[in-house]
Amino acid sequence: GKPLAFHSGFHWGDPSFLQLNRFISMHAISFVHYSLIHLTNWVINGLPERFPKLKLVWVESGLAWIPFIMQRLDHEFMMRVCEAPMLKRPPSEYIRAHCLWGFQFDRVGVELRHKMGVDMLMWGSDFPHQESDWPESLKIIEQNFAGIPADEKHKMVCGNAVEFFRLGTS
């Protein structure tokens, strides 16, 4: 009955990253790289069918890659259904039904709320990391979520997290 969180990291020994020689390069792409791998394996191997009530949150990988992988997995699934025998629906439907996406403020996150759905997004301050918004979190929310309808802002800033983690009232 508990949700599951995925948090990627980097691994300098991974052969796919041997061409990178700076931390900024590794940090920019490795979190997304491993999230792509884990999300793909999670869906294609039928875990949402095996655990239909399981909810997941993916954190610290940004958001721009999510519509990309949903489209790619659906495209491949339509051509190769036999390679994902446990799936009864397109991969994107499982992703929408089971996953939330934690993000620190980024323009992509706010823009994707229309494409992905406000119910799939969960803002975080990234505290206690050095790139955290804390203690300026509330100011940053007010500045960067300006113009977003109050009900959507509430869902992304706290409502979705309260519901996801079953914390009571928001």
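To start, this report covers the structure provided alongside it. (Residues numbered from 1 in each chain as written. Predicted model: local features only at pLDDT ≥ 70, side-chain atom pairs only at ≥ 80, totals over all residues. Heavy atoms only, no water.)

1. As for the pairing of strand β2 (residues 56-59)
Two strands pair when backbone bridges link them, and strand β1 (residues 4-7) and β2 are joined in this way by 4 bridges, in the parallel orientation. Across the sheet, L4 pairs through a bridge with L56, a residue of β2. Where β2 and strand β3 (residues 99-103) come together, 3 bridges link them in parallel fashion. Looking at the pairing, W58 lines up with W101 of β3. (Pairing = 2+ DSSP bridges. Helix = DSSP H or I, 4+ residues; strand = E, 2+ residues; numbered from the N terminus.)

2. As for the nonpolar core
Looking at soluble globular proteins, one finds that nonpolar side chains tend to be buried together. One finds L39, I95, C99, W101 and F145 to be the most contacted residues of the largest nonpolar core, which totals 31 residues. For this core, the elements supplying multiple residues, two or more each, are α1 (23-44), β2, α3 (65-79), α4 (91-98), β3 and β4 (121-123). Top contributing element to this core by residue count: α3, with 6 residues. Non-local contacts of W101, meaning those with residues more than four positions away in its chain, are made with L39, V57, W58, L63, W65, I66, I95, M116, M120, L121 and M122. Core analysis: the next-biggest nonpolar cluster, separate from the first, contains 5 residues, V57, L100, M122 and F164 among them. (Core = buried A, V, L, I, M, F, W, Y, C linked by side-chain atoms within 4.5 Å. Buried < 20%, exposed > 50% of the residue type's maximum accessible area, 1.4 Å probe, protein only. Contact = heavy atoms within 4.5 Å.)

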